[in-house]
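# Per-entry structural report
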Amino acid sequence: ANSSQSEQLEQLAASHKEEMARVHSEMEASASQAIAQTTEQLSKSHTQEMDKLRDELHSSASSELQRVQEEGEQQRLSEVERITSEMRESHAAEVEKVKSDMLAVANSSQSEQLEQLAASHKEEMARVHSE
């Protein structure tokens, strides 16, 4: 009976050892699988987050670029308006100067003509008196 119990205990111990090895192997496989799944999920999540951040950065950069372009265009338009206004003022001043110069020349010419006319008239009067 003792020998039978001893054999049963040895078989039970061997069976237990095999069962423990099997459970250990299954747990290792299950843990490896869980780690692989978690790694895959984290990788997908990381990729999605990176894509989202890349899109946000692109959108932000596009918005900033558009803002800078619009600001530059507004500055260019302001400069064109300023230069155009300066040119109009300068042109108006030049036109006024030309008018003034022409008027002065006309007045000077008229004055000379009047003086010549007066001198001619004076000469004519002197000739008439002498006759």
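As a reminder, the structure under discussion sits directly above these lines.
To start, this report covers the structure provided alongside it. The residue count restarts for each chain, going from 1 along the sequence in the order it is written. Thresholds applied to this predicted model are a pLDDT of at least 70 for local features of residues and 80 or more for the giving and counting of side-chain atom pairs; totals over whole chains, interfaces and linings are not thresholded and use all residues. The basis for every side-chain value is the complete set of non-hydrogen atoms in the structure, without hydrogens or water.

## Points about the overall build of the protein
Scanning the protein from N- to C-terminus turns up one helix and zero strands. C-alpha atoms define the radius of gyration in this analysis, and the globule rule sets the expected value at 2.2 Å times the number of residues to the power 0.38. Rg of the C-alpha trace for the protein: 55 Å, well past the compact-globule value of 14 Å for 131 residues, more than 25% over. Taken along the three principal axes of its C-alpha coordinates, the protein extends 190 × 10 × 10 Å. Think of it in three bands: with a 1.4 Å probe and only protein chains considered, a residue is buried below 20% of the maximum accessible area for its type, exposed above 50%, and partly exposed in between. Buried positions account for 0% of the 131 residues belonging to the protein. A run of DSSP states H or I qualifies as a helix once it reaches four residues; a run of E qualifies as a strand once it reaches two. Both are numbered from the N-terminal end.

## Details of the pattern of salt bridges
Put simply, a salt bridge is a Lys or Arg side-chain nitrogen that is within 4 Å of an Asp or Glu carboxyl oxygen. For the structure shown, the criterion picks out 13 salt bridges. Here Glu40 ties to Lys44 by a salt bridge, and the two come within 3.4 Å at their closest N and O atoms. Taken together, the positions of Glu40 and Lys44, both in helix H1 (residues 2–130) and four residues apart, correspond to about one turn of that helix. Where Glu131 meets Arg127, a salt bridge forms, and the shortest distance between an N and an O atom there is 2.6 Å. We classify Arg127 as partly exposed; its relative accessible area is 38%.

## Regarding the environment of Gln110
The residue Gln110 is located in helix H1 in this model. Judged by relative accessible area, Gln110 falls into the partly exposed class, the value being 48%. C-alpha of Gln110 to C-alpha of Glu81: the two residues are 29 residues apart in sequence and 43 Å apart in space.

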